[in-house]
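Here's the letter readout for the chains.
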Amino acid sequence: MMSYRSITVCLLLALAFIVGPFSFTVDARIKSERGGRSWRAGSEGANFTLTNQDGRAFQLSDLRGRVVLLFFGYTSCPDACPTTLSKLAKVYKLLGPERDRVVTLFVSVDPGRDTPRVLKDYLRYFRVNALGLTGTKEEIDRVVAQYGARYEIEKADSAAGYHINHSTDLYLIDQKGEVAQRFKYEGGTKELADAVRRLIG
Amino acid sequence: MNKVTLILALSFLIGLGVLAQGNAVGREHDSVSIKLSSAHTGALLFDAARIDADKIVICDAWVQEGPPSQKITAAFMLIENHNATEISLLSASTDAARVVELHEMLIEEGMMRMRKVDAINVPAGGVVKLEPGGYHLMVIDLNRELKAGEQVRVTLRFSNRIEKTVNVPVKNRESMSEEGEGK
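Note that this is a predicted model, so its numbers are computed, not measured.

Caption draft 1: Representation of the packing of aromatic side chains within the structure. All names here are of chain A. Under the definition given, this model contains 10 aromatic pairs over all chains. Between Phe 72 and Tyr 171, the aromatic rings sit 6.2 Å apart at their centres with planes inclined by 90°, giving edge-to-face as the arrangement. Pair noted here: Phe 72 is in strand β3 (residues 67–73) and Tyr 171 is in strand β8 (residues 170–173), with a separation of 99 residues, a long-range link. For the pair Phe 72 and Tyr 171, one class covers both residues: buried. Taken together through their ring pairs, the aromatic side chains of Phe 48, Phe 58, Phe 72, Tyr 147 and Tyr 171 make up a single cluster. Stacked on the ring of Tyr 185, the Lys or Arg Lys 87 has its end atom at 5.8 Å from the ring centre. Above the face of the Tyr 162 ring, Arg 113 is positioned so that its terminal group lies 3.8 Å from the ring centre.

Okay, here's the thing in structure tokens:
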């Protein structure tokens, strides 16, 4: 027979086992909300207007019916942005003939340097079906907020001038213009290609 | 009593299940860091013949090919220190650009942060990796277009007035990552 004491101890232990991991989850959520705006799948991806690499007005709704991969970056970014674009090139390769149904949007957070022309020359290099988007700082800030993304311009003691710290999440947007999934920087290419395929159906 | 035991047993099982899930998430994170850091542990098993008097070995160096319109790029390499004391990489230069700086990139809560550093320390008998997602040589104001297959000369200046010049191949990022990331 167990004493009441040992039952209590067991119950507390069991409770710790059950609640422990949950408190962890809550912690992580608070963290991410503190870091940026809170974000829920499906709640973002509302339409927006920016300028594309040909200098023409672009709306997200222009791409209704197509799957979109959107991320924020800037062309003078030496590491993170080329990494993401190279990763996307591999995703397109994995998609094979379905690649034409997927459009990548590279939204610049550096309107000071990334003119439509600069974006065009930059993106041409990567084997990705990508549009470069830019705009006024206000227009870009609105889209950044809409997606719960973040960036900060940092005046650096560098010959490269300022650099920009920016969030690296990749947004998978469905054919109706809603965010279906959000991928971390570390996410693998296969995982991404599979998610795109699921949307294409 | 039997009921109590049953409830306890059930609670434990549920608890363990949840915990196991938590662990699985943890493991995923681990594998990321392992992947980032396991690239070159065998490098120190060196061939004595290829070590210079300064006992510093540069290997797996590459400069990132980029869009022709871009005037900046990054260079990566492993720096092995076979000395009994720590050395520091203090600066670098190249024939292909006006300036080279030492930079560190890190992802913090999904945010890419970059900063210029004054030195990159290589511990005694250790190796430091300049690799995507970590340290890089920031190559600024390229004076020519760099194409995969070409080489650039990079001079590295270390503490103790050690200077080393190496030929570094230009490589395409996409072909590089195809080797590494099996994901």
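Next comes the rest of the write-up.
Caption draft 2: Region of interest: unusual backbone geometry. Residues and elements named next belong to chain B. If you check the backbone angles, Lys 55 has positive phi at about 55° while not being a glycine. Note on placement: Lys 55 falls in the loop between α1 (2–37) and β1 (56–64). In this structure Lys 55 comes out as partly exposed when scored by relative accessible area, which is 40%. In this structure, Asp 141 is a non-glycine residue whose phi angle is positive, near 65°. Position of Asp 141 among the secondary structure elements: in strand β8 (residues 135–142). Classification of Asp 141 as partly exposed rests on a relative accessible area of 31%.

Caption draft 3: Spatial organisation of the pairing of strand β4 (residues 97–108) of chain B. All names here are of chain B. Where β4 lies against β8, 7 bridges are found, and the strand directions are antiparallel. Pairing of Val 100 across the sheet is with Val 139, part of β8. Here β4 pairs with strand β5 (residues 111–116) via 6 bridges, running antiparallel. Residue pairing across strands places Ile 107 opposite Met 112, the latter belonging to β5. Where β4 folds back on β5, the antiparallel hairpin that results is connected by 2 residues, among which Glu 109 adopts a positive phi of roughly 50°.

Caption draft 4: Looking closely at the confidence of the model for chain B. Residues and elements named next belong to chain B. Per-residue confidence for chain B gives a mean pLDDT of 80; residues scoring 70 or more make up 69%. In this model residues 15–46 is a low-confidence stretch, pLDDT under 50, and it forms 28 contacts with partners more than four residues away in sequence or in other chains. Scored below 50 in pLDDT, residues 179–183 makes 7 contacts in the model with residues more than four places away or belonging to other chains. Listed scores for the predicted complex are pTM 0.75 and ipTM 0.74.

Caption draft 5: Molecular detail of the nonpolar core. A:Phe48, A:Leu70, A:Phe72, A:Leu105 and A:Tyr147 are the most contacted members of the largest nonpolar core, which totals 60 residues. With near-sequence residues (within four places) excluded, A:Leu105 lies in contact with A:Phe48, A:Phe58, A:Leu60, A:Leu63, A:Val68, A:Leu69, A:Leu70, A:Phe71, A:Leu131 and A:Leu133. Grouped together as the second largest cluster of nonpolar side chains are 31 residues, B:Ile87, B:Val122, B:Val139 and B:Leu156 included.

Caption draft 6: Quick look at the state of the cysteines. Within the structure shown, the criterion is met by 0 disulfides over all chains. The thiol of A:Cys81 is not disulfide-bonded; the next cysteine sulfur, from A:Cys77, is found 3.1 Å away.

Caption draft 7: Structural detail: the confidence of the model for chain A. Summing up the model confidence of chain A, the mean pLDDT is 84 and the portion of residues at 70 or higher is 78%. Low confidence marks residues 15–43 of chain A, where pLDDT is under 50. Its contacts with residues over four positions away, or in another chain, come to 29 contacts.

Caption draft 8: Quick peek at the sheet that holds β8(A). Residue and element names in this part refer to chain A. In space, the 7 strands of this open sheet follow the order β2-β1-β5-β4-β3-β8-β9, with mixed pairing throughout. The two strands at the open ends of the sheet, each matched to only one other strand, are β2 (57–59) and β9 (179–183). When the angles between neighbouring strand axes are averaged without regard to direction, this sheet yields 35°. Along the sheet face, helix α2 (residues 80–95) touches β3, β4 (102–108) and β8 and points at about 175° away from the line of β4. Across the face of the sheet, helix α4 (residues 137–146) comes into contact with β1 (49–52), β3, β4 and β5 (130–134) while running at roughly 120° to β1.

Caption draft 9: Highlighting the pattern of salt bridges. Scanning the entire structure with this criterion turns up 21 salt bridges over all chains. With a shortest N-O distance of 2.6 Å, A:Arg182 and A:Asp169 are connected by a salt bridge. Here A:Arg182 is found in strand β9, whereas its partner A:Asp169 is found in the loop between β7 (163–167) and β8, with 13 residues between them in sequence. Residue A:Arg182 is classed as partly exposed on the basis of its relative accessible area of 26%. Exposure remark for A:Asp169: the relative accessible area of 5% places this residue in the buried category. B:Arg98 is the partner of B:Asp141 in a salt bridge, and the nearest nitrogen-oxygen pair spans 2.7 Å. Taken as a pair, B:Asp141 in strand β8 and B:Arg98 in strand β4 lie far apart in primary sequence, 43 residues in all. For B:Arg98, a relative accessible area of 57% gives the class exposed. A single salt-bridge network, built from bridges that share partners, covers A:Glu98, A:Lys190, A:Asp194 and A:Arg197.

Thresholds applied
Within every chain, residues take consecutive numbers counted from 1 along the sequence as written. For this description, chains carry letters from A and ligands carry numbers from 1, given in the order in which they are written. Only residues with pLDDT of 70 or above have their local features reported here, since the model is predicted, and side-chain atom pairs are shown and tallied only from 80 upward, although totals for entire chains, interfaces and linings are computed over all residues. As a convention, hydrogens and water are excluded, and side-chain values are obtained from all of the structure's heavy atoms. Each pair of aromatic rings taken from Phe, Tyr and Trp, with Trp reduced to its six-membered ring, is defined by centres within 6.5 Å and is described as stacked if the planes are under 30 degrees apart, edge-to-face if over 60, and tilted in the remaining cases. Secondary structure is summarised from DSSP: a helix means a run of H or I of at least four residues, a strand means a run of E of at least two, and numbering begins at the N terminus for each. Whether a residue is buried, partly exposed or exposed follows from its accessible area with a 1.4 Å probe, protein chains only, as a fraction of its type maximum: under 20%, in between, or over 50%, in that order. Counting as a charge over the ring demands two things of the Lys NZ or Arg CZ atom: a distance within 6 Å of the ring centre and an angle within 35 degrees of the ring normal. Strand pairing follows a simple DSSP-based rule, namely that at least 2 bridges must link the two strands. Per-residue confidence from the predictor is reported as pLDDT, which spans 0 to 100. The contact criterion used is simple: two residues touch if any of their non-hydrogen atoms lie within 4.5 Å. Buried Ala, Val, Leu, Ile, Met, Phe, Trp, Tyr and Cys residues that are joined via side-chain atoms within 4.5 Å together make up what is termed a nonpolar core. Here, a disulfide means two cysteine sulfur atoms that sit within 2.5 Å of each other. To obtain an axis, a line is fitted to C-alpha atoms, over the contacting stretch when the element is a helix, and the angle between two such axes runs from 0 to 180 degrees between their N-to-C directions. Salt bridges, as used here, are contacts in which a Lys or Arg side-chain nitrogen is within 4 Å of a carboxyl oxygen on Asp or Glu.

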